[in-house]
Amino acid sequence: MPGREVTEGARPEQGREEGLLRSIIEQMADGIIIVGKDGIIRFANPAAEQLFTRRADELVGTDFGFPIANGQPAEIHLVRPHGELVTAELRVADAVWDGAPARLISLRDITDRRRAEERARQVEQERAARAEAEAANRAKSEFLATMSHELRTPLNAVIGYAQLLDLGIGGPLTHEQRMQLQRISASSRHLLGLVNEVLDLAKVDAGQLALHVAPGSAAAVADGAAALVEPSAEARGIRFAVRCADGDDEQQVRYVGDEDRVRQIVVNLLTNAVKFTDAGGSVSLVYGRSTRPDPSARLRGAGAWSYFAVTDSGIGIPADQLSRIFEPFVQVTPGLTRPNDGSGLGLAISRRLARLMHGDITVVSRFGEGSSFTLWLPAADAAHPAEGGERPGGAGATNRGLADIGELLMRNIQPLLDAFVARVRGEAPVAGAAALRFSQLADHLASYLADLAGLLIALEDADGRPTSVLAGATEIHRVVAGRHGAQRARLGWTVGAIRREYEILREEIEALVRRHGSAIAPAAVDEALSVTRVLLQQAQETSTRALTRARGTEDTP
């Protein structure tokens, strides 16, 4: 029959076409699989084997597992046997295979392209976040400086008029009225002190604080500070003592610094000691000279140092709070019910002032037993650098080489990210971590590492002078770490998981620096790693707080 002849005549032609199609498919660089109408894989070319990391005979006969529809290209995510996630672009075309209708599916690996695009987007987002943080930091400093000036003017007027009324200028006063005026004066002076602290902090951060550095007498500073604080100590029933250290001549104990600022620091340390010491306790101020300062003090140069040591028998400071007490607005006993008032700025300002005068403040404390704060300043007859100041993360000759380490980190951001992501995927601190995309696991870390590297470079380049880069670094790290914690909350991470990933990041940074920093001075390597540990610890705490806020619960490790 004619119809039969046509059908049979077409079969050899169709077979040749399928054979040609198979030959072409096997040579293609894109992964090609043939899927029947039932969704079962009928054929897979060598490129598909590489894409799935499975042999063709393992793929054939299995369900494709993804929706198949003709039309625009679609993206799918393939999870390889070892948990590696691959992004592929999927295209579908109708075909005939083994004489039956089928679909030809082209799979192109676009993982690297998507990672590059996501990294570019992430870098842009981090650049915007960094600019936003820097702008916010500048606005904060400008606001604090402006408002501090604006507040001081009316406060001085309030204090002045209260004093005039107390003198009887406006007429005779009753005893009750005089007591009320005294409370007004005391409250106004307290508020003025807080405003002055905020103004000082803003000036120091902006690098606008002028110091008048000259040799000065430690005895004069000690006596002047004691005269201001001793009345409050007596009123609280606290034993108060001031003396020169044994073996030192008080006339020979001289320092180099700004006398007013040195007195301000000592008064602040004494005031805190009295504030946190109960009745019956003791507070002492000892001043002297030493050629062996506290090893934890970040001091520049060799020679003798003058010191003011304030020791109390008060409540002490918990060990986990010692690293934070010099941060602005930090209180050891926070909250509305804490027994002592204050802004939390005194110690932050005191340390920054000390470092601007080439000195430092150290602390030793045992919770429940008391504390000892020591102000170190260059001795007047000692050879110390003519220039210097606050160097966040450490001052001194060991800073030479920090820029080399910063540049090392800057050059190796991508290898660090790759190593970090690989370890997180391997350890999987939370379920499903191994299947997350690279950009999800490396969230915000590219910007964080760039800022960390830039900070190390700025520490050396600043040559001891505060700069806007250094002033804004803490705020930038806080913003980046906060956003990282919020992103981890959306992925279901826990506090323990965040802690572990920061440990991994620290270990990878240290391994990189130790591996490639052999030509850098060991002291600079140690100093850079010390700075890194502090910053990572602060970032971890910020990320943890952001995670718990985002989840609305107090998570547990």
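Residues numbered from 1 in each chain as written. Predicted model: local features only at pLDDT ≥ 70, side-chain atom pairs only at ≥ 80, totals over all residues. Heavy atoms only, no water.

Thoughts on a nonpolar patch on the surface
Okay, step 1: Together, Tyr161, Leu164, Leu167 and Ile169 give the surface a local cluster of nonpolar side chains, amounting to about 490 Å² of exposed area.
Okay, step 2: Its place among the elements puts leucine 167 in the loop between helix 4 (111–166) and helix 5 (175–206). (Patch = residues over 30% accessible without salt bridge, like charges linked within 9 Å, V, L, I, M, F, W, Y side chains within 5 Å. Areas by Shrake-Rupley, 256 points an atom, 1.4 Å probe, with all protein chains shown as cover. Salt bridge = Lys/Arg side-chain N within 4 Å of Asp/Glu carboxyl O. Helix = DSSP H or I, 4+ residues; strand = E, 2+ residues; numbered from the N terminus.)

Topic: the packing of aromatic side chains
Okay, step 1: Per the counting criterion, the structure on display carries 3 aromatic pairs.
Okay, step 2: Seen in terms of ring centroids, phenylalanine 43 and tryptophan 97 are 5.2 Å apart; in terms of plane orientation they differ by 35°. Their pairing is tilted. Of this pair, phenylalanine 43 sits in strand 2 (residues 41–44) while tryptophan 97 sits in strand 4 (residues 85–97), and the two are 54 residues apart along the sequence.
Okay, step 3: Judged by its relative accessible area of 8%, phenylalanine 43 is buried.
Okay, step 4: Lying across the ring of phenylalanine 438, arginine 119 places its NZ or CZ 4.2 Å from the centre.
Okay, step 5: Over the ring of tryptophan 493 we find arginine 488, and its NZ or CZ is 4.2 Å from the ring centre. (Phe/Tyr/Trp six-rings, centres within 6.5 Å; stacked < 30°, edge-to-face > 60°. Buried < 20%, exposed > 50% of the residue type's maximum accessible area, 1.4 Å probe, protein only. Lys NZ or Arg CZ within 6 Å of the ring centre and 35° of its normal.)

Examining empty space enclosed by the protein
Okay, step 1: Inspection of every chain in the model, using the stated rule, returns 3 cavities of 30 Å³ or more.
Okay, step 2: Here the largest cavity is characterised by a volume of approximately 90 Å³.
Okay, step 3: Lining the largest cavity are Leu85, Val86, Thr87, Thr111, Arg114, Arg115, Glu118, Arg425, Arg437 and Phe438.
Okay, step 4: Looking at the lining of the largest cavity, the elements with two or more residues in it are strand 4 and helix 4.
Okay, step 5: Per element, the largest residue contribution to the lining of the largest cavity is 4 residues, and it comes from helix 4. (1 Å grid on protein atoms, 1.4 Å probe; cavity = no way out; pocket = protein on both sides within 12 Å on 5 of 7 lines; lining within 4 Å. Points joined across faces, edges and corners; volume = space filled by probe spheres on them.)

Side note on the nonpolar core
Okay, step 1: Among the nonpolar cores identified, the biggest contains 47 residues, and Leu409, Leu417, Trp493 and Ile509 are the most heavily contacted of them.
Okay, step 2: Among the elements of the structure, helix 9 (402–411), helix 10 (413–427), helix 11 (438–441), helix 12 (445–461), helix 13 (468–490), helix 14 (495–516) and helix 15 (522–551) are those that each provide at least two residues to this core.
Okay, step 3: Ignoring sequence-local partners within four residues, the contact set of isoleucine 509 consists of Leu409, Leu416, Leu449, Leu452, Thr532 and Leu536.
Okay, step 4: Ranked by size, the runner-up nonpolar core spans 41 residues in total, among them Val198, Val266, Leu269 and Val283. (Core = buried A, V, L, I, M, F, W, Y, C linked by side-chain atoms within 4.5 Å. Contact = heavy atoms within 4.5 Å.)

Focus: the pattern of salt bridges
For side chains bearing opposite charge, pairing can occur when the charged atoms are close.
Okay, step 1: Following the criterion strictly, the structure yields 24 salt bridges and no others.
Okay, step 2: In this structure, the salt-bridge partner of aspartate 30 is arginine 108, at a minimum N-O distance of 2.8 Å. One end of the pair, aspartate 30, is in the loop between helix 1 (2–27) and strand 1 (31–36); the other, arginine 108, is in strand 5 (residues 100–109), with 78 residues separating them in the sequence.
Okay, step 3: Overall, aspartate 30 belongs to the buried group, its relative accessible area being 15%.
Okay, step 4: Note that glutamate 89 and arginine 91 form a salt bridge whose closest N and O atoms lie 3.6 Å from each other.
Okay, step 5: Its relative accessible area of 44% is what places arginine 91 among the partly exposed residues.
Okay, step 6: Where salt bridges share partners, they join Arg423, Glu427, Arg500, Glu503, Glu507 and Glu508 into one cluster.

As for helix 10
Okay, step 1: Here helix 10 is 15 residues long and its end C-alpha atoms lie 21 Å apart, about the 21 Å a rise of 1.5 Å per residue gives.
Okay, step 2: Where helix 10 ends, the next residue or the one after it, alanine 428, has phi of about 50°, a positive value. (Expected span 1.5 Å × (residues − 1).)

Digging into the environment of threonine 271
Okay, step 1: Of note, threonine 271 is situated in helix 7 (residues 259–275).
Okay, step 2: Given the relative accessible area of 34%, threonine 271 is considered partly exposed.
Okay, step 3: Put simply, threonine 271 and valine 229 are 42 residues apart on the chain and 6.4 Å apart in space, counted from C-alpha to C-alpha.

Some words on the side chain of asparagine 45
Okay, step 1: Within the secondary structure, asparagine 45 is located in the loop between strand 2 and helix 2 (46–52).
Okay, step 2: The buried category is assigned to asparagine 45, whose relative accessible area is 0%.
Okay, step 3: Here the side chain of asparagine 45 touches aspartate 30 through a polar contact of 3.0 Å, landing on its backbone oxygen.
Okay, step 4: Reaching out from asparagine 45, the side chain makes a polar contact with the backbone nitrogen of alanine 48 at a distance of 2.8 Å.
Okay, step 5: Once you skip the residues sitting within four places of it in the chain, asparagine 45 turns out to touch Ile25, Glu26, Met28, Asp30, Gly31 and Ile32. (Polar contact = N/O pair within 3.5 Å; in protein donor to acceptor, adjacent residues only side chain to side chain.)

Regarding the confidence of the model for the protein chain
Okay, step 1: Taken over all residues, the pLDDT of the protein chain has a mean of 78, while the share at 70 or more is 81%.
Okay, step 2: Model confidence for the protein chain, summarised as mean pLDDT per element, is weakest for helix 1 at 60 and strongest for strand 10 (residues 305–312) at 95.
Okay, step 3: The low-confidence segment residues 1–10, where pLDDT is below 50, has 0 contacts with residues more than four positions distant or belonging to other chains. (pLDDT = per-residue confidence, 0-100.)

Regarding the sheet that holds strand 10
Okay, step 1: Taken together, 5 strands build an open sheet; the order of strands is 7-9-10-12-11 and the sheet is mixed. Bordering the open sheet on either side are strand 7 (239–244) and strand 11 (360–366), each of which pairs with just one other strand. Within this sheet the neighbouring strands show an average axis-to-axis angle of 15°, counted without direction.
Okay, step 2: Where strand 11 and strand 12 (residues 370–378) come together, 7 bridges link them in antiparallel fashion. Paired with valine 363 across the bridge in strand 12 is phenylalanine 373.
Okay, step 3: Where helix 8 (residues 346–356) meets the sheet, it contacts strand 11 and strand 12, and its direction lies at approximately 135° from that of strand 11. (Pairing = 2+ DSSP bridges. Axes fitted to C-alpha atoms, helices over the stretch in contact; angles between N-to-C directions.)

Re unusual backbone geometry
Okay, step 1: Phi at histidine 358 takes a positive value of approximately 70°, unusual for a residue other than glycine.
Okay, step 2: Located in the positive-phi region is alanine 428, a residue other than glycine, with phi close to 50°.
Okay, step 3: Within the secondary structure, alanine 428 sits in the loop between helix 10 and helix 11.

Side note on the packing of helix 9 against helix 14
The relative placement of two packed helices comes down to the angle between their axes together with the axis-to-axis distance.
Okay, step 1: Two elements in contact, helix 9 and helix 14, have axes separated by 11 Å at closest approach and are oriented at 115°. The angle between the axes of helix 9 and helix 14 places the two elements in the roughly perpendicular class. As helix 9 runs across helix 14, the sense of the crossing is right-handed. Of the residues in helix 14, those in contact with Ile405, Leu408 and Leu409 of helix 9 are Ile509, Leu512, Val513 and His516.
Okay, step 2: Taken together, the residues of the contact of helix 9 with helix 14 break down into 6 nonpolar, 1 polar and no charged. (Parallel < 35°, antiparallel > 145°, perpendicular 65-115°, else oblique. Left-handed = near helix turned anticlockwise from the far one by under 90°. Nonpolar A, V, L, I, M, F, W, Y, C, P; charged D, E, K, R; others polar.)

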